[in-house]
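Now for the letters of each chain:
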Amino acid sequence: MIGRIQTALEKCGISLWRINETVEETAELFFVRKQLDTRRLKDVRKYEVTVFRDVEDKRGFTSVNLIASMEDAQIEEELKDAYYAARFAANPTYEMVDPVKAPLAAKTGELAQAPLARSAGKMARALFAPDTHEDAFVNSAELFVSRKQVRILSSEGTDVSYTDANVNGEFVVQCREPEDVEIHNTFSYDGLETGALSEKVEEALHFVRDRAKAQRILKSGTYDLVLSGNAVSEVLSYYMQRSSAQAVYAKYSTWQQGEDVQGEDTAGERLDVTLCATVPYSEEGVPMKDLPLLRGGRLQAYHGHNRICRYLGVKPTGAYRKMACANGTVPFAEMKEKPCLWAVTFSDFQMNAMSGHFGGEIRLAYLIDGDTVTPVTGGSVNGSLLEAQKDLTFSTERYVTARYDGPYAVRLTGVSIAGAGE
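Residues numbered from 1 in each chain as written. Predicted model: local features only at pLDDT ≥ 70, side-chain atom pairs only at ≥ 80, totals over all residues. Heavy atoms only, no water.

Turning our eyes to something else, we now look at the overall build of the protein chain. On a plain count of helices and strands, the protein chain comes out with 10 helices and 21 strands. Overall, the C-alpha framework of the protein chain stretches about 75 × 55 × 35 Å when taken along its three principal axes. Going through the 422 residues of the protein chain one by one, you find that 51% of them count as buried. For the protein chain, the proportion of contacts with a sequence separation of at least 24, taken over those separated by at least 6, is 69%. Accessible surface computed for the protein chain: about 19700 Å², of which carbon and sulfur atoms make up 46%. (Helix = DSSP H or I, 4+ residues; strand = E, 2+ residues; numbered from the N terminus. Buried < 20%, exposed > 50% of the residue type's maximum accessible area, 1.4 Å probe, protein only. Contact = heavy atoms within 4.5 Å. Areas by Shrake-Rupley, 256 points an atom, 1.4 Å probe, with all protein chains shown as cover.)

If you want it as structure tokens, here you go:
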């Protein structure tokens, strides 16, 4: 198929192009309670072709998806249409990605090498292992295990390929007494993390039990807030988004490399964040390596796609999808010894990289005052990371997903909470 695409590109007079071939196998499992309801196995081969067109001193590009069942005439027609459209998406000209050739970079490990059905079975057993009680249970779950091989070719001479594998899914836990409630959970891992998944389900079952008996007594005010799990990753994504080449080039961010973006008046932990290369090459064929982002709260680098990095005059890094935070000085149990609100589940928790505000409606939180711990529900969090980043405390316990590797929890001081109580 690649040869057919290259021939069609030549016939269409297209001299600048990139081909991304993806061969992906997926095992999908769908459960109702513990009963397997649906099982699917997929094997998909996809071709994305990006064509570039120079118009005077500008360069435009458009991508099109092709499939092997297409006739040669159809392929040529699709490429002609894409090439025509590229002239209307022109931007200031820029250098193409530097060419690179290398042998297949094969991912190792059980998830990448074992039969998908076997890996899916192991993860399914891990998911339901903690589900041994009647009062709280997993009422449904979806599990996806995938493995893919990617090849990237370009008119400049790039020819690289790699393999990758991941597992992700979601599950809903339910407790019927004293109030019938459900909590939706998601998970994603780069490896066969059976232990981590079991721990996540066990925690979710504990949370849904407490949600069923939680009280609407939370009063409005300013609290020391403890966030955990995915909420920590969401808050820290602020630094990843604000340091992107796209945000800087578009003037959404004024950050400069070397700048203390955490602020000089900092009483808490200074941030050490690294962007992690989960694949050896970006979709453009840029070789990817772990990239130091923050050291001691100071910005070390911009990151992003080739075009925008070229505009900024920095080395293209590729687009990252995972970050690691090295912070963590206080055990989680100690973090909760002083009065605080530990918010554990939200209906929708978001971080606004433009304003620095984060928040969401609380589904379950623990109001902690000394030895008294009260499950509460209702109300919402409305915090500003620009204010809170001056005094951050991270847990020594870690939390790892396909997108985050860092402290399980963070404590922020002086966060505004809208209560649900009288």
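Between its first and last C-alpha, helix α6 (residues 230-242) extends 19 Å over 13 residues, near the 18 Å set by a 1.5 Å rise per residue. Residue leucine 236 marks the point of greatest curvature in α6, where the axis turns by about 30 degrees. Most of α6 sits out of view: 10 of its 13 residues are buried. Turning to α6, its buried residues are Ala231, Val232, Ser233, Val235, Leu236, Ser237, Tyr238, Tyr239, Met240 and Arg242. (Expected span 1.5 Å × (residues − 1). Bend = angle between axes of the 7 residues up to and from the residue.)

Moving on, we get to the pairing of strand β1 (residues 16-32). Judged by how many residues are buried, β1 sits mostly within the fold: 13 of 17 residues are covered. Pairing of β1 with strand β2 (residues 35-55), which is carried by 17 bridges, proceeds in the antiparallel orientation. Each bridged residue has a counterpart across the sheet, and for tryptophan 17 the counterpart in β2 is valine 51. Where β1 folds back onto β2 in an antiparallel hairpin, the turn is made up of 2 residues, including arginine 33, whose phi is positive at roughly 55 degrees. Here 15 bridges tie β1 to strand β5 (residues 136-154), and the two strands are oriented antiparallel to one another. Looking across to β5, one finds that valine 23 is bridged to glutamine 149. (Pairing = 2+ DSSP bridges.)

One way to put it is that helix α4 (residues 116-128) packs onto helix α5 (residues 194-213) with a least axis distance of 7 Å and a crossing angle of 30 degrees. Regarding the angle of α4 to α5, the classification is roughly parallel. Read as a crossing pair, α4 and α5 show a hand that is right-handed. Counting all contacts with α4, which are made through Lys122, Met123, Ala126 and Leu127, the residues of α5 involved are Thr194, Leu197, Ser198 and Val201. Of the residues in the contact of α4 with α5, the class split is 5 nonpolar, 2 polar and 1 charged. (Axes fitted to C-alpha atoms, helices over the stretch in contact; angles between N-to-C directions. Parallel < 35°, antiparallel > 145°, perpendicular 65-115°, else oblique. Left-handed = near helix turned anticlockwise from the far one by under 90°. Nonpolar A, V, L, I, M, F, W, Y, C, P; charged D, E, K, R; others polar.)

Here we come to the sheet that holds β5. A sheet is described by the order of its strands in space; here 7 strands give the open sequence β4-β3-β2-β1-β5-β6-β7, paired in antiparallel fashion. For this open sheet the edge positions go to β4 (90-92) and β7 (181-189), each flanked by a neighbour on one side alone. Between one strand axis and the next, the sheet turns by 20 degrees as a mean value, whatever way the strands run. Lying on the sheet, helix α1 (residues 2-11) is in contact with β1, β2, β3 (58-66) and β5; it crosses β1 at an angle near 140 degrees. Contacts between α4 and the sheet are confined to β1, β2, β5, β6 (159-175) and β7, with β5 contributing the most and set at about 150 degrees to the helix.

So, on to the packing of aromatic side chains. Remark: the centre distance and the inter-plane angle together describe each pair of aromatic rings, the angle taken between the planes. Per the counting criterion, the structure on display carries 20 aromatic pairs. With centroids separated by 6.2 Å and ring planes inclined at 25 degrees, the aromatic side chains of tyrosine 239 and tryptophan 255 adopt a geometry described as stacked. Of this pair, tyrosine 239 sits in helix α6 while tryptophan 255 sits in the loop between α7 (245-249) and β9 (273-276), placing them 16 residues apart in sequence. Overall, the relative accessible area of 5% leaves tryptophan 255 in the buried class. With a centroid separation of 6.2 Å and 45 degrees between ring planes, the pair formed by phenylalanine 349 and phenylalanine 358 is classed as tilted. With a relative accessible area of 14%, phenylalanine 349 lands in the buried category. The structure contains a cluster of three or more aromatic residues connected by ring pairs, namely Phe207, Phe332, Trp342, Tyr366, Tyr399, Tyr404 and Tyr408. (Phe/Tyr/Trp six-rings, centres within 6.5 Å; stacked < 30°, edge-to-face > 60°.)

The next point concerns the environment of leucine 293. Along the chain, leucine 293 falls in strand β10 (residues 291-295). Judged by relative accessible area, which is 0%, leucine 293 ranks as buried. With 148 residues separating them along the chain, leucine 293 and valine 145 place their C-alpha atoms 30 Å apart. Those residues within four positions of leucine 293 in sequence are excluded, and the remaining contacts are Tyr239, Met240, Ser243, Val273, Thr274, Leu275, Arg298, Leu299, Gln300, Ala301 and His303.

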